[in-house]
Every structure is written in C-alpha cells, then in structure tokens.
Protein chains: 2
Amino acid sequence: MRNNSYSAYSMWFQPKQGTAPAWELFPVGDDSHVIKAAEEWTELLGTLWDSKPRVKTGRLILGVYSDVSRITGEDLASPGTEGYSFFPHGDDFIIAGGDGTGVLYGMYRLILMLCEGKSITDYNSSPAYPIRIINHWDNMDGSVERGYAGRSLFFENEDFDYNPSRIRLYARFLASVGINRICINNVNVGKCEAGLLEGEKLEKLVLMANILREYAVRMVLAVAFDSPIIIGGLQSADPLDGEVRAWWKTHVSEIYNKIPDLGGFLVKADSEFRAGPFTYGREQSDGANMFAEILLPYGGYVFWRCFVYNCRQDWRDVTVDRPRAAYDHFMPLDGKFADNVILQIKLGPSDFQPREPVSPLLGAMKKTNQALEVQITQEYTGQQKDLYYLAGQWSEVFNFDTHGNGRIREIKKIVAVAGVSNLGREVTWTGHVLAGANFYAFGRLSWNPELSAQEVAEEWVKLTFGNNPEVTNNVTHMLMCSRKIFEKYTTPLGLGWMVNPGHHYGASPEGYEYDKWGTYHRADLQAIGVDRTARGTGYTKQYTPGAAEVFENLDTCPEELLLYFHRVRYDYRLKSGKTLLQHIYDTHFEGVEDVLAMIDIWDSLKSLIPEEAWQNTADKLHLQLLNSEEWRDVINSYFYRKTGIPDEKGRKIYI
Amino acid sequence: MRNNSYSAYSMWFQPKQGTAPAWELFPVGDDSHVIKAAEEWTELLGTLWDSKPRVKTGRLILGVYSDVSRITGEDLASPGTEGYSFFPHGDDFIIAGGDGTGVLYGMYRLILMLCEGKSITDYNSSPAYPIRIINHWDNMDGSVERGYAGRSLFFENEDFDYNPSRIRLYARFLASVGINRICINNVNVGKCEAGLLEGEKLEKLVLMANILREYAVRMVLAVAFDSPIIIGGLQSADPLDGEVRAWWKTHVSEIYNKIPDLGGFLVKADSEFRAGPFTYGREQSDGANMFAEILLPYGGYVFWRCFVYNCRQDWRDVTVDRPRAAYDHFMPLDGKFADNVILQIKLGPSDFQPREPVSPLLGAMKKTNQALEVQITQEYTGQQKDLYYLAGQWSEVFNFDTHGNGRIREIKKIVAVAGVSNLGREVTWTGHVLAGANFYAFGRLSWNPELSAQEVAEEWVKLTFGNNPEVTNNVTHMLMCSRKIFEKYTTPLGLGWMVNPGHHYGASPEGYEYDKWGTYHRADLQAIGVDRTARGTGYTKQYTPGAAEVFENLDTCPEELLLYFHRVRYDYRLKSGKTLLQHIYDTHFEGVEDVLAMIDIWDSLKSLIPEEAWQNTADKLHLQLLNSEEWRDVINSYFYRKTGIPDEKGRKIYI
C-alpha cells in the first residue's frame, strides 16, 4: 500500500506508521547540545510518528557520560569525543555521550534505528575520523559549480539568501549522520566570496555559523590564496612576505573573534588558474604553513587541497602524465607541513571519474595529516540524472590494501574525510531523490568506513521509503547495481574522460583528446590507453611495491582498471575470452538493457513508493535511458569507426 | 622610413604626408548631407594632411545633381539614388550626387582616392545593392557574441554606454565606404534588448539613431519574435493572433514616431532556440508578413533570417542533412512573402566556415527579396588572432555562376548585403589591425561586387599604411594569401567544423561529431565526409542542374570543396597525384611554413610600418603561429591515428 506521507523536504526523516517510543525524556546537565538533543527528540517524535503512546514506560536519560554516571550511580567509561553509547538500564534507557555532541549524535542514531524498525539493545559508536566535512562549491551569485539540484542553499545575487528553517533542517541532516564541519563557499573563490573575510559579509557568515553551531556543525571558510591582493589591495600574496602575513593575521583574529569555533580555512592554491605559493616561487608547504601558523592560536586547521597539476598541458608532450601530479608535488614535502595542516587529497589520481584507482598519495606521507576528498555531487557519474550510488566507490577506497600502510581506513594520518555536496535549493535537496542515498552514505561511511555500501543503502531505503522488504530489496538492488551499470554504458575499463568538455555530461570520445587538461587516451586504429607502468610514464611506481606490482602486470591488474594503467590492443583477450573490442560492444549494449531492467523494477514499485518520490525517480530514469542509449551508440560507433570490426552479434552500430 | 603618425583610432583615415588639395569649398543647396559632406571635407582636410596649400586653385562644388546643374548651367543626368559623379569642370571640381547621401559618398570617395594618391579624373558610381547593412551581435550587457575586438561599442551593464565622438568616427567609416544601415543589437535578442522597443531604452535608441543619421546611416532594430510575451506580457506571439498584431502595431507606430527613418526590423526566428512562427504551427511567411504589413506604412523592411535548421539533431539520423535546411524551409514559400520582406541568407549552407559552397537558396527564389549575409567577424576564420582576409570568399560568392540565374551578383532579387560586424571597443576597432581590411572590403564590395579582392586590399593597405610600394605589395600579398594559408592548416578540403565546440577556436576533430548541431564528417579508418550527391543526401539537387552537375561529379567538383560534397577514401588520388591523406599531411606542414613566411615578410617591414600597427600585427602573427602548429599536429595525428599510414616524407607526426 502506498505511503503518501512522504515529504521530499525531509530526506531520510520520513513519517513512520506505528507507535512512537514511550520513554519519558530526561536530559541531564546543561550542555547546549544535550539540550538540543532533547529538543530534537521531542520534535522528531512529534512529527515522525502518527501515533503517540499514552503510557510512559520509563525514562530516556540523555547526557554526557559523567553526568549520566551521577544519575545512575555507575561509573560509565567515556565513549570518546563525539562518541556515544546507548543501552537499557532497568526501565530506563540511557544515551551517554563522550561530550554533548556525542549525546546529540546518539539521539539521532537511536531515533533512526527506531525508524528503521531495528531492535534496540546496547550500542556504542565513535567516529573513525575526527573531521567529517561537507564542501559546498556554492558561489555567492547563487550558482553551484557542478551542482545538479538547483541554486545554492545559501546565496543569491552576490549575497546571502536563505531560509533559516531550511538551514536548520539541513543542519539536522548533517548532525544525524555525524557530519561536524561544512564549508559553504566554493574552493574556487571569486572576488565576491573573498570578501567573506570582512565587513557585512562576515557579519552574515556569523549568523550562518550560529545556526550550524546549534547542531554541532562548525564552519570552515574557503579562502582565496591571493585575498591580500583581491580584497586587501596589497601588491603580493607571497606567504613569506611580512605584510601579507600581517594582513592574514588581522583577518584571522577578526573572524575568530566572531566565530570562535571556526574550523579553519580551505584553500585551493596553484590549481586550475588559482594563485598559490608557486606564483611566488615558494613551496606548497610555505603557503600551507603560513595559514597554519596564523590559525594555530585559535585551534584552526588549514585544509590544503592537493589538486595541483598542469592544466595547460601540451597533449604532444608524452613525458607529462597528469595522474602523477599530486604525488610528485606533495610527497617530497612530507615532514615539512605544520601539524594543523591537513592535505586534502582526492580519492583517485584523476578527478572523480566513474572508475579510477586509489590515489597513491593517500597514506604515502607518514608525517603529514591528510583528508580524503570524495565527490558526493555526481559530476562525472550521471549528474543526478543517472543513478550512481557512490558508497561502493568510497568503500573500495577505504578498504584498498596499500600493501605496506595497511588498508586506507587503517591509516592514522588520514584524519578527515571531505565530501563535495550534492545539495541544492530543489525541494528534493538532491534533484534525484535516490541521490539522497549518497549524501546519507557519506555521513555514515565517514563516521564508520567499515560499514558496507549495501547495509548503508538498506538503511537509507528503509528510512526514506518505509520498511517494506519488497521496496528495500529492490531499491537497494538498484543502488548497488547502479555503479556497474553506469560504467557499462560510459567509458570502458577505467579509461575515463570521454565526456563532453565543460559540462561533463554525455559522450565525446575525443572531446578532451587534444585539449590542455592532461586527459588523453591516445586511441589509434589498433590500441587505446596510456601505458602508466614502469615501461611507460612510471605512474605505477608511486604505489608501494606490492600495490605497484598488482597494477603493473596485465594479468593481475583489475580488469575494471585495465585501461587506466595499460595501453591495450583491441584484439587483446580479456579473462572472459572476449576481445577488448567485443567487451566494449557487449557492455555498452548490456548497459542500456540494465537501465531498462531498472525501469521495470521501478515500475513494479509504483504502488509501494510515495507518488512524489516515485515520479521524480521515474522521470530521472527516463533521462538515464536516453543518456545510456546515446553513450552506447557514440562509444560503439567510435570504436567501430576506429577499427572497422563489427559486433560479433550483429547488433546495431551506427556507421 | 617609418611613418609615426599612424593612429589606431582612425582605421583607413590615416594622416598623409604631402600637400592637401587646394580647392575652395563650395557646397550648394541645403540638403543636410551636402552640408555634412562640406563639414567632413573641411575636417578631414584639416586632420589628414600635414601641409595645407596657401593658394586656392578653383572651387570644389558639392551638391545634388539638380542644384549643381543650376550652378554650372549644364543639365546633369542623375547619378541615381545614393550615386554620385565627380569630375573637373574648368578650374572647378564638381561632386554631384543623385541625392544628398550621394554627395556625401562622393566626397568620401574623392578624399580616399586622394589619400591613395590616385590621379583624379571623371568618376561616377552608384551602389549595386540599395541596402548595405552591418549587423552587430552586441548584447546590452556589453558582451559581443563572436566578437574579438573588445566589449560592445554601444552597450554595457544592460544599458547604452558609448562615447558619442567615437560613434561619429564609426559612422564616418560606414559612410565612407557606402554602408547605409546598421543594426546595433544582436539577432539573439534577450529580455533586456527586447525592451529597446519601449520607454527609456527607446529614448536612448533615438539618440543613437540621431547620430547615425548625420552620416546617412539608418538604424535597423533586431527584435525578438516573442516580444509580445517577453515584454508585453501576452500569452502568445502567434503572428495570426489579433492581439499580437495589435501589440506590434502599437510599438511600431511609437518607434517610427521617434525614428521616422528606421530601416525596419531584423528577426531571427525558429532558429537555435528562438521562438518563431513554427512555435505556433505557422509558416515562416506568416511571421515575416505580419511584420511586413505593420512596417509597410512607414517604409520599413523586415529582414528575416533563413538560418532555420534543426539544432537538436540526432547524429544517428543520416536522413537529415543540415546544409539542406534553409532551401528546404524557404524555397517552397517563394511568392508568399510580402514585397518589404527581405530574406537574409548566409553566403553558404553551413555557417561561415573557412570554405563552403555558395548557398543554393541564393537566387533560387524568383519572387522574394533576398539579402546576402556574410560574416566580417572571424568566428571560424581565426578570430582576429589569425589573419584571414575575407574579400576573396565574398568575391567568389558574388561571382559564382549559378548556371541558370547568372552570377550571384547579377541576381536582381538580391537587394541587400548584410555583414556581421568585427568591431569592438578596442583602440584598433578590430583587434587585429589587418582585420580592418575586412571591414573596409565589406563596404567596398557591397557597393560594387565587381571589385576584385586584390584591388580592395591594395586600396586599404595604401590608405592605412601610406603609399609605399614595398608595403603595399607585401601586405597585399599577405592578405591575399591568408585565406589559403588558414585553410591549409585547419580543416581539409571544405570539411569544416573540426573546431572546439562553443568558442570555435582551435582544433577538435571530433568535437562536434556526436553533438546535436548537424555537423558531422563521419570519418572512419578508410574514408571521411558526407556524400551529399544525389546518391547521398541529395543536397546537390538544390542547385540548378548545371551547378549541381559540377558538384555532383568527383572529377569536376572543385577540390577545395571535395569533402563538402563527397565521402572520399584516404587513398583517393587528387589531381596532384597525391592521396587525400598525403595531401592533408602536406598542406598542414605547408600551412605552418606559410605562417613563418608571413612572419618573415612582416619582420622585413618593421621599419616601414608605424610601430603601433606593426607591433599589433607581429603579436597576432605569433599567436597565429602557435595556432597553426597546434592545428597541424592535431589534424595530422588525428588522421595518422585513424589510418596508421605515415607521412611519405617522414616529418614529425605525434602518435
């Protein structure tokens, strides 16, 4: 039976049928986030369940563990910073936090588990990473770089422009999955956004920080490296220039005066036309350390992005290989960065392609704090028209065996996870309703990277569409298959980049081939791909010897990454026995069939999914079908024209 | 010896050495343009020559022929509307115009011939086309669509913004080469520009029209077909809707009340996402005739663009062939258009590619007034970084033998020539100083299409750089070679389109191959090009049988257009004996050599060309060299990768 009480505005906080839990709320202590937890509990209980119990069964005791210990008379151990445990205690039920934030997080987890219909017993949890941060790429003109869910949640017309109650809803989503930082402005900082450091814009930033703080979310600000020039009128932004440092010091002092819990600065320097230390003949560490030194007294961090590469490359120069760039730039500097510098490293060496290997820089630096950056917004993965559940990609990264430093998730110097937001002003928040799963999964996995993509998907489906096994199984299945399906009809075997330049949606097999972005496949009539082994660009040598060996060798290289690491002839036989060419044809025909199969599944769920959400996704699946057909035909024609070899099965390829 | 009195602001009105002519000015009659001619004569004499004669040799009698007849006592025949004759008369010299505009034109021609150092005897001239119009693609935000010479001359910040004395200079340039209309706003009319029909914007438009009128230049306004919706708030723009017609009638009445000599409206309808009659299930003639009927009482024309094609084409659909579109849409409507409709037809069937055939629609319609549209701005022809003198292309069109309707320039139903402006706010007006030749040539050839590209080039060089044979010969040579050179290093043999999508500069051989714009070459490993013969898309059949036969046949098809009309194997032997592939390699290597040779020529002229102009062009030639090298390497690699066949001469091709 269709549940019509779905509200697009509510993401995973959807109304539940059945009866609300029957505890009497009993918060202890005066921590603001404990008080917030109690308020949220009351409000959510009031809105989520349509039926309220009349008889109370006991107390729900909420508090920091030390306060709770005083109530119960038992000495609770600390669940750690932001951690929590909850458990029954006689007739009562206790949520004990390592701090107030932990209480808030425990309360949300409890309520979401109740929403999921899970049985509630002893449970405790603490975050794997102290910093879990959302990066918005929002501009103050209201646009969102790589945004596919409408205009900015925060800005319009070169000014702040938001609905405070919607921001509170958003902050609730963040806290409910344990995200404790956001940066609301784009890493590509324009003149207008550079002005957030001062005056009226700073005052408005403070108001936003105040709202977020209610939910234990701390703000981070993206700053332009050359702010001293852009808004300060200085002649230089040289990090070793005394005047420049003084300028930053004054501004940092002012901003911390108004936002004492500011998380720090996020900086994209020397990257894609941005100024940076290189502009002044300095090292990346000189730039990052300048900020670090100035932020240190305030407990602030500098998130320093490692997306530094030559974006004016000459395609004719085969000695330059873009995937090498981050490692080549930063690895030699290991040990030179201050302790409150966090190098923010994209999960792969390219740029959020549908499939790429793990960045060899992650964990390679032994003396430098690192953040893993993932993209929740689907720039190259379907732009929230096509379904692409990203948790599998992230989980693969977390569990990647570095053959020397352990799994990525075990590396202690990775202290943060950053996700580029997929949210916007649309009523659904994410454009595609099912893309909400990606936002939820980011929170869950950055808290606990041991969770599987599958279990997180199930959680999200249950929370969003109610606990009906047919819905849960089918939608989870769609999410779990979505990555493979998208890969099938787009670029083959880790090649990446065969997209339309600029907007990055749809196929253009040679759109970037002679451009300056360093993204070449160099296909000719016999073979395709760049040899990145020791015989080629030597990129594989950036991995630890064990991992390098896996990728280096055609036989051990995961086939899904074959064309990332190797130049391969079209007649090369894959493990399936198929030629590379036939594999390309087959997967592209299959990809479209798979989309059709998803549409069938979705159609079969029509009566079981709230209409608003069902229609949204049905419309998106239709767009995905068109896109998959276009990709199939472009890619197949491209390779057919290149080789002249027809499909073995005689299916339609446009000549 | 370097002449340092060059002024970039002056285009072809450069200061001259030597002594000014010595007539005493003697205007007759009170026609405002006769008076203007006298004023201009005085001013130009005062600024162009550094030495003034002290003794007058006789009178320079300026006037409309009837007025002049009264002075001389001889009955002069009329030189026709806007025409003029000038000749010695005893000690006097007479400029007699068919009307005041003719006098103004005759004065400018005389002064320019004096500047050129020509001997002055009897001379008379009248325009081949009554309407010679510049189309600006300027937006009110100050940007210029396809503009490469800075911001708009007229607009900035959604408003008019110009220097009146610079507009007067511009109007002088226009009148000096006989251009009698301009449209200052883009054919892609946005909401802001649609507002030019009303209120304060209209008042400001009137001020601009007033300036232009001084120089006998009449304004034409580009209007949005759906203005009644955009600014009128109506529900429809259906040309057969009474309310819509009434809306236009009111606005036309108001604008003619303020600008009585308005030339009419320019309309881009049903083209590239613009609304048009098709939006309402009407014919193109319904739309054009609505405007024509309303403009008729005021003597206004509607310039109705024929750039109607499917810009959302599916590349998989080989039954649609974009070059057919204009003819297919408009030819069946011949006879249905009102007399004050002028169908504006691009010179070729594609879109101002470096080489394309003449549009088969030109002259095919026997009962419909037509305008030939050319592009002075170098969208696809080097963007005023690369040198491309366009007069050869235009001359070729004017002299194209339609095999049935005579040469294009002999077709009576072609009543207008429109040129898309290459001007902007830069001090040089055209960005590249030598691109000034294109603007000059547009005026000269639209007045007299029998002029050769070579003689116009010589005129312009002499006027701009002074009368030094070494300069004249060398720069004219550069201009005359420039088209061939550009063709050599860009797309081969009329193929077109191998440019970067969007901005259209630089090579991307498959950038448009799978896009929706209908611009495909469908290259595979054996052949390239679309068969547009009767066996293919049938495009050739749009030509008269005689012309069709020429293009239809591989042996008679001009080789420079071979790949426009035919699909050709790479091993096809051209008349030179070379294979198509080797021809491509050879021309691409040659193109770069030719650019180097131009640079050598330019370097050799350093002491003979004013420094400002020399440096401008030297800088541009350097950019052109980089561009030509990039094109050479991209195109050669592209075909090498496609075929695996190396260059016979073993030159460097990047693999």
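Residues numbered from 1 in each chain as written. Chains lettered and ligands numbered in written order. Predicted model: local features only at pLDDT ≥ 70, side-chain atom pairs only at ≥ 80, totals over all residues. Heavy atoms only, no water.

(A) Quick look at the overall build of chain A. When helices and strands are counted, chain A shows 18 helices and 19 strands. Taken over the C-alpha trace, chain A has a radius of gyration of 25 Å; the compact-globule value for 655 residues is 26 Å, and the two agree within 12%. Projected onto the principal axes, the alpha-carbon positions of chain A cover approximately 75 × 70 × 50 Å. Every one of the 655 residues in chain A was classed for burial, and the buried ones make up 63%. Taking all contacts inside chain A whose residues are at least 6 apart in sequence as the whole, residues at least 24 apart take part in 72%. For chain A, the accessible surface area stands at approximately 22,600 Å², while carbon and sulfur atoms represent 50% of it. The average position of the 67 basic charges and that of the 85 acidic charges among the side chains of chain A differ by 2 Å. (Helix = DSSP H or I, 4+ residues; strand = E, 2+ residues; numbered from the N terminus. Rg over C-alpha atoms; globule rule 2.2 N^0.38 Å. Buried < 20%, exposed > 50% of the residue type's maximum accessible area, 1.4 Å probe, protein only. Contact = heavy atoms within 4.5 Å. Areas by Shrake-Rupley, 256 points an atom, 1.4 Å probe, with all protein chains shown as cover. Lys, Arg positive; Asp, Glu negative; His and termini not counted. Charge placed at Lys NZ, Arg CZ, Asp CG, Glu CD.)

(B) Representation of the packing of helix H14 (residues 469-489) of chain A against helix H17 (residues 580-604) of chain A in the model. Residue and element names in this part refer to chain A. The contact between H14 and H17 brings their axes to 9 Å, and the two run at 160 degrees. Relative to H17, the element H14 is oriented roughly antiparallel. Considering the relative orientation of H14 and H17, their crossing is left-handed. Seen from H14, the contacting residues are Asn474, Val475, His477, Met478, Ile485, Lys488 and Tyr489; seen from H17, they are Thr587, His588, Glu590, Gly591, Asp594, Val595, Met598, Ile601 and Trp602. (Axes fitted to C-alpha atoms, helices over the stretch in contact; angles between N-to-C directions. Parallel < 35°, antiparallel > 145°, perpendicular 65-115°, else oblique. Left-handed = near helix turned anticlockwise from the far one by under 90°.)

(C) Representation of the sheet that holds strand E7 (residues 123-125) of chain A in the model. Residue and element names in this part refer to chain A. In spatial order, the strands read E2-E4-E6-E5-E7; together these five strands make up an open sheet with mixed pairing. In the strand order of this sheet, the two ends are held by strand E2 (23-27) and E7, each with one partner. Averaged over neighbouring strand pairs, the angle between their axes works out to 15 degrees when direction is ignored. The sheet contact formed by strand E4 (residues 58-64) and strand E6 (residues 92-97) spans five bridges and is parallel. What sits directly across from Gly63, in E6, is Ala96. (Pairing = 2+ DSSP bridges.)

(D) Layout of the packing of aromatic side chains. Counted by the stated rule, this structure contains 105 aromatic pairs over all chains. Summarising the aromatic geometry, the rings of Phe154 of chain B and Tyr170 of chain B are spaced 6.3 Å apart at their centres and angled 45 degrees between planes, so their arrangement reads as tilted. Taken together, the positions of Phe154 of chain B in the loop between strand E8 (131-135) and strand E9 (155-156) and Tyr170 of chain B in helix H4 (residues 164-176) put the pair 16 residues apart, joining distant regions of the chain. On the basis of relative accessibility, which here comes to 0%, the residue Tyr170 of chain B falls in the buried class. Between the NZ or CZ atom of Arg59 of chain A and the centre of the ring of Phe26 of chain A, over which it lies, the distance is 4.6 Å. The residue whose ring lies beneath Lys346 of chain A is Phe307 of chain A, and the NZ or CZ to ring-centre distance is 3.5 Å. (Phe/Tyr/Trp six-rings, centres within 6.5 Å; stacked < 30°, edge-to-face > 60°. Lys NZ or Arg CZ within 6 Å of the ring centre and 35° of its normal.)

(E) Fine view of the pattern of salt bridges. Summed over all chains, the structure comprises 85 salt bridges over all chains. The partner of Lys488 of chain A in a salt bridge is Glu590 of chain A, with the nearest N and O atoms 3.3 Å apart. Highlighted residues: Lys488 of chain A in helix H14 and Glu590 of chain A in helix H17, separated in sequence by 102 residues. Residue Lys488 of chain A is classed as buried on the basis of its relative accessible area of 17%. Three or more residues joined by partner-sharing salt bridges are found here, namely Asp314 and Arg316 of chain A together with Glu630, Arg632 and Asp633 of chain B. (Salt bridge = Lys/Arg side-chain N within 4 Å of Asp/Glu carboxyl O.)

(F) Representation of the relation of the copies chain B and chain A within the structure. With an RMSD of 0.0 Å, the fit of chain B onto chain A corresponds to turning through 180 degrees and sliding 0.0 Å along the axis. These values place the two chain copies in the arrangement generated by a two-fold rotation axis. Rotation axis and chain B: the residue whose C-alpha lies nearest the axis is Gly511 of chain B, separated from it by 2.6 Å. Looking at chain B, 100% of its interface residues are interface residues in chain A too, so the copies touch through the same face. (Least-squares fit on C-alpha atoms with pLDDT ≥ 70 in both.)

(G) Focus on the interface of chain B and chain A. On the chain A side, the residues contacting the 24 residues of chain B number 24 residues. Buried area between chain B and chain A, both sides added, is near 2,300 Å², and the carbon and sulfur share of it is 50%. If you sort the residues of chain B by the area they bury against chain A, Arg316, Tyr514 and Arg641 of chain B come out on top, with a joint share of 35%. The interface formed by chain B and chain A contains six salt bridges. Across the salt bridge formed by Arg316 of chain B and Asp633 of chain A, the nearest N and O atoms sit 2.5 Å from each other. Between the two partners, chain B and chain A, sit twelve residue pairs in polar contact (both at pLDDT 80 or more). Residue classes in the side of chain B that touches chain A are distributed as nine nonpolar, five polar and ten charged. (Buried area = accessible area lost by both parts, 1.4 Å probe. Polar contact = N/O pair within 3.5 Å; in protein donor to acceptor, adjacent residues only side chain to side chain. Nonpolar A, V, L, I, M, F, W, Y, C, P; charged D, E, K, R; others polar.)

(H) Representation of unusual backbone geometry. The phi dihedral of Gln383 of chain A is positive, around 50 degrees, even though this residue is not glycine. Residue position: Gln383 of chain A is located in the loop between strand E16 (369-375) and helix H11 (391-398). Phi is positive for Arg146 of chain B, close to 55 degrees, though the residue is something other than glycine. Look at Arg146 of chain B and you get partly exposed, because its relative accessible area is 23%.

(I) View of helix H2 (residues 65-72) of chain A. Residues of H2 of chain A that are buried include every one of Asp67, Val68, Ser69 and Thr72 of chain A, and no others. In the stretch just after H2 of chain A, Gly73 of chain A is the one whose phi turns positive, near 75 degrees.

(J) Just the environment of Gly502 of chain B, in detail. Residues and elements named next belong to chain B. Here Gly502 lies in the loop between helix H14 (469-489) and strand E18 (527-528). Residue class for Gly502 comes out partly exposed when judged on its relative accessible area of 42%. A C-alpha to C-alpha distance of 9.6 Å links Gly502 and Tyr512, two positions ten residues apart in sequence. Once residues within four sequence positions are removed from consideration, Gly502 is found in contact with Arg146 and Tyr512.

(K) Looking closely at the pairing of strand E8 (residues 131-135) of chain A. Residues and elements named next belong to chain A. With respect to burial, E8 is a largely interior element, five of its five residues being buried. Where E8 lies against strand E11 (residues 181-183), three bridges are found, and the strand directions are parallel. Following the sheet pairing, Ile133 is matched in E11 by Arg181.

(L) The confidence of the model for chain A, seen in detail. When pLDDT is averaged along chain A, the result is 96; 99% of the residues meet or exceed 70. Reported confidences for the modelled complex are a pTM of 0.94 and an ipTM of 0.92. (pLDDT = per-residue confidence, 0-100.)

(M) View of the environment of His403 of chain B. All names here are of chain B. By secondary structure assignment, the location of His403 is in the loop between helix H11 (391-398) and strand E17 (414-420). Sequence spacing of His403 and Val550 is 147 residues, and the spatial spacing of their C-alpha atoms is 9.9 Å. Not counting chain neighbours up to four residues away, the residues in contact with His403 comprise Thr544, Gly546, Ala547 and Val550.

(N) Region of interest: the sheet that holds strand E15 (residues 341-346) of chain B. Residue and element names in this part refer to chain B. Pairing is parallel in the closed barrel, where eight strands are placed in the order E8-E11-E12-E13-E14-E15-E16-E17. Between one strand axis and the next, the sheet turns through 25 degrees on average, direction left out of account. Its contacts with the sheet place helix H6 (residues 199-214) against strand E11 (181-183) and strand E12 (218-222), and it is angled at close to 145 degrees to E12.

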